[in-house]
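Here's the letter readout for the chains.
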Amino acid sequence: MIRPASALKTTLYFSIFAILFLPYKFVQAIAISALLIILVSYIWARALSKGIKVERDEAEIKTVSYERLTISFTITNHSRFPALMCFVLDNIPFLHVFEKQNERLFMLRGHEKKTVFYQANALQRGLYTAGPISVKTNDPLGLFDIEFEFECTQRILVRPARIQLKTNAHPGLPQGNIKINNPIYEDITMRRCLREYKNGDELKRINWRASAKYDSLYTNEYEDTFDAPFFVFLNLAKDDYPLNHCHEMGEKAIEIAASIVNTAARLKQRCGFAAYGSAFPFIKPGENQADCILDILSLIQMENGKLDYDPEAKLKQELSTGTLLFVIGPKEVSLYNDKIGAGQYGVTTQTLGIMRDIK
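Everything numeric here is computed off the predicted structure, so don't read it as measured data.

What counts, and where the lines are drawn
- Residues numbered from 1 in each chain as written.
- Predicted model: local features only at pLDDT ≥ 70, side-chain atom pairs only at ≥ 80, totals over all residues.
- Heavy atoms only, no water.
- Helix = DSSP H or I, 4+ residues; strand = E, 2+ residues; numbered from the N terminus.
- Patch = residues over 30% accessible without salt bridge, like charges linked within 9 Å, V, L, I, M, F, W, Y side chains within 5 Å.
- Areas by Shrake-Rupley, 256 points an atom, 1.4 Å probe, with all protein chains shown as cover.
- Salt bridge = Lys/Arg side-chain N within 4 Å of Asp/Glu carboxyl O.
- Expected span 1.5 Å × (residues − 1).
- Buried < 20%, exposed > 50% of the residue type's maximum accessible area, 1.4 Å probe, protein only.
- Pairing = 2+ DSSP bridges.
- Axes fitted to C-alpha atoms, helices over the stretch in contact; angles between N-to-C directions.
- Contact = heavy atoms within 4.5 Å.
- Phe/Tyr/Trp six-rings, centres within 6.5 Å; stacked < 30°, edge-to-face > 60°.
- Lys NZ or Arg CZ within 6 Å of the ring centre and 35° of its normal.

A. Representation of the environment of Glu-151. With respect to the helices and strands, the residue Glu-151 is situated in the loop between β11 (144-150) and β12 (154-159). Along the backbone, Glu-151 and Ile-133 are 18 residues apart, and their C-alpha atoms lie at a distance of 6.5 Å.

Following this line, the structure appears as structure tokens:
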């Protein structure tokens, strides 16, 4: 939108009056010059209003609570005229912006492109939005103010905060992604190396092709690996939590669940999820599902009611043998808070009594 300066209309009317009705050539020349200046300024402002564009590289970004997030957008002046003073504001409510860097004032030359970066963080998980982006500029004489907004909104999904919690996967099913120094879980599909034969080596381990080639016995050595599928059950029933600490403990339960899911992703393990919470999600253990589960944990809310069944007994029929079941509720959250409050480090899911092995 182009908005003329407050005194511009008076100047315009006076110049037209001077040209039409005043007989003084000197005054008419000044009036004509003023009209030309106004016309050039308008053309300048019109070109900037049509030439300046703003866009984002990503429609959605993901971050973690309390951690800094870098947000960026690009502003381009497609016109020939420079914007000598260009003010840009990226509206980003509910997030903390460091040093107010979402506000910028700079010069934008003709056909110039600038990328603006700034950092922000969120104190709570959830879905946030950055945008619209407001741009203000004017012509060199300040006769016309140019203001416009670009939608180009960006979704910001904030995941639960990282906490101090270790999850040590117990040996489960042989031939997986987790390496361990235990020949019980030897994976015969992953040969590690060849070595010279030693007395006592089993005949089935001998590499007969290499032995024939080098005229000496050689033994195969294999990687020791196992799989331990994860399944997380999260109890967010409001009636199970103390009334005065319901929200805080519910958020901590979600953070504990997110920590376990992150561990499953790091170990490249199949992961499933179920919850007594909003929408009551249920996801069977599968590969590459950790990202989806973390998205759910970013948005899930507590649900009215009380958990009136044993999750382990109910899920045992759904889960395969060797699955590690993690049940998280108010009891586990209280124990976690007590240990952290006492200054204990190295808190694990085993010490909290969260992990149970499906047999």
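Picking up where we left off.
B. Region of the structure containing a nonpolar patch on the surface. Residues Ile-32, Leu-36, Leu-39, Tyr-42 and Ile-43 make up a contiguous nonpolar surface patch of about 450 Å² in total accessible area. As for its position among the elements, Leu-36 is in helix α2 (residues 25-51).

C. Just helix α4 (residues 246-266), in detail. Between its first and last C-alpha atoms α4 spans 31 Å; for 21 residues at 1.5 Å apiece the expected length is 30 Å, and the two agree. Of all the 21 residues making up α4, 15 are buried; the element is thus mostly covered by neighbouring parts of the structure. Residue Lys-268 follows α4 closely and has a positive phi angle near 60 degrees.

D. Inspection of the sheet that holds strand β1 (residues 2-4) at higher detail. As summarised here, the arrangement of the 5 strands in space is β1-β11-β10-β5-β7, forming an open sheet in which the pairing is antiparallel. Looking along the sheet, the strands with just one partner apiece sit at the ends: β1 and β7 (103-108). Strand-to-strand twist across the sheet, computed as the mean angle between neighbouring axes with direction ignored, equals 20 degrees. As defined by bridge partners, strand β5 (residues 83-90) adjoins strand β10 (residues 133-138) across 4 bridges and the pair is classed as antiparallel. Opposite Leu-89, over in β10, you have Ser-134 as the bridge partner. Sheet contacts for α2: β1, β5, β10 and β11; angle to β11, the most-contacted strand, approximately 10 degrees.

E. Structural context of the packing of aromatic side chains. On inspection of all chains with the given rule, the structure shows 8 aromatic pairs. Between the aromatic rings of Phe-148 and Phe-150, the centroid separation amounts to 5.3 Å while the plane-to-plane angle is 80 degrees, which identifies the pairing as edge-to-face. Judged by relative accessible area, Phe-150 falls into the buried class, the value being 15%. Seen from their ring centres, Tyr-276 and Phe-280 are 5.0 Å apart, and the 75 degrees between their planes marks the pair as edge-to-face. By relative accessible area, which is 12% here, Tyr-276 ends up buried. Taking NZ or CZ as reference, Lys-114 lies 5.7 Å from the ring centre of Phe-106, over its face. Stacked on the ring of Tyr-309, the Lys or Arg Lys-314 has its end atom at 4.3 Å from the ring centre.

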